[in-house]
Amino acid sequence: MFNRKSLLLMAILGTVLIAGVFSNSALAEWKPSSPINLMIGFTAGGGADTQARLVAEDLQTRRGWKIIPSQVTGKGGINLANVIKKSPNDGTVIGMFVSETFGYNLAAAKKSGLKLNDFTPLVTTAGFQMGIVAKTGKGWKTFHDVIKAAKGGQQIRFGVMSPKLADLAYLLGKANGIEFNIVMGKGGKAVMNALNAGDIDVGFVAGIQDKAVASGDMVNLASGLSVPLRQTPEAPLLKDLGLDFDADGYFMFAAPAGLPDEARQTISNAIAEIVTDPSSKAGGFIKKAFGEATAIKGAELDRFLNEQYEASLKLLKAASE
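Reading the values: the criteria
- Residues numbered from 1 in each chain as written.
- Predicted model: local features only at pLDDT ≥ 70, side-chain atom pairs only at ≥ 80, totals over all residues.
- Heavy atoms only, no water.
- Core = buried A, V, L, I, M, F, W, Y, C linked by side-chain atoms within 4.5 Å.
- Buried < 20%, exposed > 50% of the residue type's maximum accessible area, 1.4 Å probe, protein only.
- Helix = DSSP H or I, 4+ residues; strand = E, 2+ residues; numbered from the N terminus.
- Contact = heavy atoms within 4.5 Å.
- Pairing = 2+ DSSP bridges.
- Axes fitted to C-alpha atoms, helices over the stretch in contact; angles between N-to-C directions.
- Phe/Tyr/Trp six-rings, centres within 6.5 Å; stacked < 30°, edge-to-face > 60°.
- Arc of directions from axis to C-beta.
- pLDDT = per-residue confidence, 0-100.
- Parallel < 35°, antiparallel > 145°, perpendicular 65-115°, else oblique.
- Nonpolar A, V, L, I, M, F, W, Y, C, P; charged D, E, K, R; others polar.

**Student:** Talk me through the nonpolar core; I want residue IDs and the actual numbers.
**Tutor:** Membership of the largest hydrophobic core comes to 82 residues, with the highest contact counts inside it found for Phe143 and Phe158. In terms of residues, this core owes the most to one element, helix H9 (residues 261-275), which gives 7 residues. If we ignore the near neighbours within four places in the chain, the residues touching Phe143 are Ile132, Phe158, Leu172, Phe180, Leu221, Ala222 and Leu241. Of all hydrophobic cores here, the second largest spans 21 residues; its members include Val93, Met252, Ala254 and Leu305.

Written out as structure tokens, the structure reads:
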């Protein structure tokens, strides 16, 4: 027999379970109210643009969402950030960035009026395998050989593709008592082309050097990351070369601030599911082009971006001294 107390407890438990079911159902059933505008902060045809468009294609196939890709480039993602900030925060506008936009570039663009909390980070897709690369014909095995050559009087032309990397190259030289001739290129492909043409001696490259390294045409002289490179774990880290900073970073999606939690979770999970599945078009491309997918989202991604922003403030200060 059930007494009054038992019936009351059952009623409370039933209410909790029903609320949970409705809550989970609401999260699972979120759908955009109109086509999603996917704004891509990279030049058309490159690796970042390709993965973004393949993610859009897979989202349409798997979720039935209509995705409209477009390009918004310039200023290291700041132009795109300005557009995203002013866009509807209902899940119908998202952007494809690099995490550097919300770290170094945001910290450096003091007059932009942009803040980290103007955005809702969604999910990363792949990390950079940032190495300092040279042609094998140079005869250098690690970056220590480059330092030795520079101290011997050789002018070293150092290719970079962003202001952050230029600061890292400058500070790397300063830490080792040398000065590099820093050459800015428009993207990793431009740095690779300059290396192949002999226009530069070394350069930061974020993963597209893998084939050339595997074939023996190029060598990773150092890891630009806080951890060893997957392909050449024996290459020294920047901290081994006297530098307290690194070029850790990811390709990522973000939306305007105030995106509802159910939309953030649904979109983030949908993209994460695609990029981590090698059988999807985007997942297969990422595995081939960047080695593996890395889907960081939620509180972990928020924490990473905050740490990167604070580290970037310190990097900017060090580079200005």
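**Student:** Hey, could you go over the sheet that holds strand S10 (residues 250-256) for me, with residue numbers and the actual values?
**Tutor:** Strand pairing in a sheet is mediated by backbone hydrogen bonds. Such pairs are either parallel or antiparallel. One open sheet holds the 5 strands; their spatial order is S2-S1-S3-S10-S4, and the pairing between them is mixed. Unpaired on one side and paired on the other, strand S2 (67-71) and strand S4 (119-127) mark the two borders of the sheet. Between one strand axis and the next, the sheet turns through 25° on average, direction left out of account. For S4 and S10, the ladder comprises 7 bridges, and the chain directions are antiparallel. Across the sheet, residue Pro121 finds its bridge partner in S10, namely Ala254. Docked against the sheet, H9 engages S4 and S10, running at close to 5° with respect to S4.

**Student:** Explain the packing of aromatic side chains residue by residue, including any values.
**Tutor:** Enumeration over the complete set of coordinates arrives at 12 aromatic pairs. Ring centres of Phe143 and Phe180 lie 5.9 Å apart, and the angle between their planes is 65°; on these two criteria the pair is classed as edge-to-face. With Phe143 in helix H5 (residues 143-151) and Phe180 in the loop between helix H6 (163-175) and strand S7 (181-184), this pair connects stretches of sequence that are 37 residues apart. The pair formed by Phe143 and Phe180 is uniform in burial state, with each residue classed as buried. Taken together, Phe42, Phe128, Phe251, Phe285 and Phe290 form an aromatic cluster joined through their ring pairs.

**Student:** I'd like a rundown of helix H3 (residues 78-85), residues and numbers included.
**Tutor:** Turning to H3, its buried residues number three or more, namely Ile78, Leu80, Ala81 and Ile84. Each buried residue of H3 sits inside an arc of 155° when the element is viewed along its axis, so together they form one side. Buried positions along H3 lie against strand S1 (36-40), strand S3 (93-98), helix H4 (104-108), S4 and S10.

**Student:** Describe the confidence of the model for the protein chain, listing the residues and the values that go with them.
**Tutor:** Per-residue confidence for the protein chain averages 91 on the pLDDT scale, and 91% of its residues sit at or above 70. Here residues 4-13 scores under 50 on pLDDT; set against residues more than four positions off or in separate chains, the count is 2 contacts. Under a pLDDT of 50 for its full length, residues 15-27 has, in the predicted model, 3 contacts with residues more than four places off or in other chains.

**Student:** Requested: an account of the packing of helix H2 (residues 47-63) against helix H10 (residues 281-290), with residues and values cited.
**Tutor:** Here H2 crosses H10 at 160°, and the two axes come no closer than 8 Å. One element, H2, and the other, H10, form an angle in the roughly antiparallel class. Along the contact surface, H2 presents Gly47, Thr50, Gln51, Leu54, Val55, Glu57 and Asp58, while H10 presents Lys281, Ala282, Phe285, Ile286 and Phe290. Split into classes, the residues belonging to the contact of H2 with H10 amount to 6 nonpolar, 3 polar and 3 charged.

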